[in-house]
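# Per-entry structural report
Here's the letter readout for the chains.
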Amino acid sequence: MKTENDLISDAEAGKHPCFDEQARKKYARVHLPVAPHCNIQCNYCNRRYDCVNESRPGVSSAVLSPMQAVHYLKALNEKMQNISVIGIAGPGDPFADPQETMQTLRLLHREFPEKIFCLSTNGLDLNPYIDDIAALGVSHLTLTVNSLQPATLAKIYRWVRFKRRVYRGEEGGEVLSEQQLASIPMLKRKGIKVKINTVVCTGINDGEISEIAQKTASLGADTMNCIPMYPADNTEFSHLKEPSKEFIKMLRADMSKYIKPMTHCARCRADAAGLLRHDSEDAMSLIGRFSTMVVNQGEGRSRVAVASNEGILVNLHLGEARKVYVFEQSRNGYHFVEIRNTPAQGGGMERWKELAEKTLGDCQAVLVAGIGENPMIILQQNGIRVIRMNGLIDAGLDAVYLNLPLKTLCRSEYTRCGESCRGTGTGCG
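What comes next concerns the included structure. (Residues numbered from 1 in each chain as written. Predicted model: local features only at pLDDT ≥ 70, side-chain atom pairs only at ≥ 80, totals over all residues. Heavy atoms only, no water.)

### Some words on the overall build of the protein
Regarding its fold elements, the protein presents 12 helices and 19 strands. Out of the 429 residues in the protein, the part that is buried amounts to 54%. For the protein, the proportion of contacts with a sequence separation of at least 24, taken over those separated by at least 6, is 70%. In the structure as shown, the protein presents an accessible area of about 19,500 Å², 48% of it carried by carbon and sulfur atoms. (Helix = DSSP H or I, 4+ residues; strand = E, 2+ residues; numbered from the N terminus. Buried < 20%, exposed > 50% of the residue type's maximum accessible area, 1.4 Å probe, protein only. Contact = heavy atoms within 4.5 Å. Areas by Shrake-Rupley, 256 points an atom, 1.4 Å probe, with all protein chains shown as cover.)

What follows is the structure, given as structure tokens:
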């Protein structure tokens, strides 16, 4: 029996040009290039960000920050009235840059709740985020599965980086395949439509397409797309011959015994915008302009982090805080969200960059009892307001959300911390 999410997803599929062939002539899609890094190295992939003449995955003319992406999409939506789908497909992998991906989804879900949200991923680091992406309106996901055999995957991927460890050879293939296959039923339980992409590499995996179709269909995948590998320059597979249209047609007919084939793929860029096979020239011009736009990086962030011992008082210097308490405003006051660990001491400026970009990536402000000069600079550069105070957390939250003046025990947010706080990332002296 289909769930309510399934029914919504079915209705939306009719407006998704990649999942419904009839939609491709009417509805446009836009890919937002906010995730430049990747957690695997494909032997057919050369991610070039500045080439406007190639149409293939992994290519983008620019990379956008989450806020740049929002401004770009607002401008594009005014010019292009038929955009139905907002997707993130790299140019790396969305979950190799999860902070950027999730922040983009949060901002866009608020600005464009009527749009279809879609992701394209290799699935390696997807699983921890499935609940979150479903809550943020992602209804369609493309999962690239190039083989089920570790020996074949060892030929396709030079390395796989999972949980801070690099795997090579068949071991890397096993890790990747395990995560991919586990994700499909998890996605389906959330009512998310799943399309399988398989890059057909001549003499490598072209004899395994039916096996992939049968297995992924049994796990719940909705459709499958065979993409003929494009022999990109300066890659391990540059010498391979691109599969012919006739061969791909034969593969689709064979896999149709198990799963619905997609037959109208445009092999889209990571910054594609417009109808399939008819990308917009206006979009190319706009994305270049917005990629250099200076925006308020704190804009659109809804949460506040607090350096606190117990979650009641602001009473820790940032350098000594092993964790931060995260709050957000709700209809009934302030809502405690979660406790987050801060980056380990050491590492100098890199510690503060990681704190600003990852730990506090969705926060507009941080409440601290003290802070050094270096972390102050890094946080402010990342659009995070620093409020230095002592006292009840609610008083600091009132200052952020209600613009009320700080009361007793509070200090100016720009006062320098004591001489012992040198901002070296090693904690307070």
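Additional details are given in the paragraphs that follow.
### Details of the side chain of Thr223
With respect to the helices and strands, the residue Thr223 is situated in strand β9 (residues 223–228). Here the side chain of Thr223 touches Lys260 through a polar contact of 2.6 Å, landing on its backbone oxygen. (Polar contact = N/O pair within 3.5 Å; in protein donor to acceptor, adjacent residues only side chain to side chain.)

### What about a nonpolar patch on the surface?
Together, Ile312, Leu313 and Leu392 make up a nonpolar patch on the protein surface, roughly 270 Å² of accessible area in all. Note on Leu313: relative accessible area 34%, which makes it partly exposed. (Patch = residues over 30% accessible without salt bridge, like charges linked within 9 Å, V, L, I, M, F, W, Y side chains within 5 Å. Salt bridge = Lys/Arg side-chain N within 4 Å of Asp/Glu carboxyl O.)

### So, the packing of aromatic side chains
Inspection of the entire model under this criterion finds 4 aromatic pairs. Ring centres of Phe95 and Tyr129 lie 5.4 Å apart, and the angle between their planes is 25 degrees; this geometry places the pair in the stacked category. You can see Phe95 sitting in the loop between β3 (83–88) and α3 (98–111) and its partner Tyr129 sitting in the loop between β4 (116–121) and α4 (130–135), a full 34 residues away along the chain. The exposure class assigned to Phe95 is buried, which follows from its relative accessible area of 3%. With a centroid separation of 5.6 Å and 65 degrees between ring planes, the pair formed by Phe327 and Phe336 is classed as edge-to-face. You can call Phe327 buried: its relative accessible area is 9%. What links up through ring pairs into an aromatic cluster is the set Tyr325, Phe327 and Phe336. (Phe/Tyr/Trp six-rings, centres within 6.5 Å; stacked < 30°, edge-to-face > 60°.)

### Quick look at the pairing of strand β16 (residues 333–341)
One ladder, built from 8 bridges, connects strand β15 (residues 323–330) with β16; its direction is antiparallel. Bridge pairing links Glu328 to His335 in β16. A loop of 2 residues connects β15 with β16, the two strands running antiparallel in sequence. (Pairing = 2+ DSSP bridges.)

### Regarding the sheet that holds strand β6 (residues 157–162)
With antiparallel pairing, the 3 strands of this open sheet are ordered in space as β2-β6-β7. Looking along the sheet, the strands with just one partner apiece sit at the ends: β2 (40–42) and β7 (165–167). Adjacent strand axes in the sheet meet at a mean angle of 20 degrees when their direction is disregarded. Both β2 and β6 contribute to a ladder of 3 bridges, which runs antiparallel. Its bridge partner being in β6, Gln41 is matched across the sheet by Trp159. Contacts between helix α6 (residues 169–189) and the sheet are confined to β6 and β7, with β6 contributing the most and set at about 60 degrees to the helix. (Axes fitted to C-alpha atoms, helices over the stretch in contact; angles between N-to-C directions.)

### Thoughts on the sheet that holds strand β13 (residues 303–306)
Strand-to-strand pairing in sheets goes through backbone hydrogen bonds, with the strands running parallel or antiparallel. On the basis of which strands lie adjacent, the open sheet formed by 5 strands has the order β16-β15-β13-β17-β18 and mixed pairing. Only two strands of the sheet have a single partner each, and these edge strands are β16 and β18 (385–388). Strand-to-strand twist of the sheet, defined as the mean angle between neighbouring strand axes without regard to direction, takes the value 25 degrees. Examined bridge by bridge, β13 and β15 share 4 bridges and lie antiparallel to one another. Along β15, the bridge assignment pairs Arg303 with Glu328. Helix α12 (residues 393–401) rests against β13, β15, β16, β17 (363–368) and β18 of the sheet, and its axis sits at about 145 degrees to β17.

### Section: α3
With 14 residues, α3 extends 20 Å between its outermost C-alpha atoms, agreeing within 8% with the 20 Å of an ideal straight helix rising 1.5 Å per residue. In this structure, the buried side of α3 is in contact with α2 (66–79), β3, β4, α4, β5 (138–144) and α10 (349–359). (Expected span 1.5 Å × (residues − 1).)

### Some words on the packing of α2 against α3
Contact geometry for α2 and α3: axes closest at 9 Å, N-to-C directions at 35 degrees. The element α2 and its partner α3 pack so that their crossing is right-handed. Residues Pro66, Met67, Ala69, Val70, Leu73 and Lys74 of α2 form the contact with α3, whose participating residues are Glu100, Gln103, Thr104, Leu107, Leu108 and Glu111. Looking at the contact of α2 with α3 residue by residue, the class counts come to 7 nonpolar, 2 polar and 3 charged. (Left-handed = near helix turned anticlockwise from the far one by under 90°. Nonpolar A, V, L, I, M, F, W, Y, C, P; charged D, E, K, R; others polar.)

### Topic: the nonpolar core
Of all hydrophobic cores here, the largest spans 54 residues; its most connected members are Val30, Leu32, Tyr72, Leu105, Ile133 and Ile196. Considering every element that reaches this core, the biggest residue donor is α2, with 7 residues. If sequence neighbours within four positions are ignored, Ile196 has contacts with Leu143, Val145, Ile184, Ile212, Thr216, Ala221, Thr223, Met224 and Asn225. Formed by 20 residues, the second largest nonpolar core is a distinct cluster that contains Ala321, Leu360, Val368 and Ile384. (Core = buried A, V, L, I, M, F, W, Y, C linked by side-chain atoms within 4.5 Å.)

### Re the environment of Tyr230
Its place among the elements puts Tyr230 in the loop between β9 and α8 (245–255). Taking C-alpha positions, Tyr230 is 8.8 Å from Cys45, a pair spaced 185 residues apart along the chain.

### Re α6
Across its 21 residues, α6 extends 32 Å between first and last C-alpha, which sits within 8% of the 30 Å expected from 1.5 Å per residue. After α6 finishes, the residue Gly191 shows a positive phi value of roughly 75 degrees.

### Things to note about unusual backbone geometry
Cis peptide bonds are those with omega within 30 degrees of zero, and the linkage from Gly90 to Pro91 qualifies with 15 degrees. Within the chain, Lys163 stands out as a residue other than glycine whose phi angle is a positive 55 degrees. Accessibility expressed as a relative area gives 68% for Lys163, which makes it exposed. One non-glycine residue, Arg164, adopts positive backbone phi at about 70 degrees. The residue Arg164 is located in the loop between β6 and β7 in this model. For Arg164, a relative accessible area of 80% gives the class exposed.

Coordinates in, geometry out; function isn't part of it.
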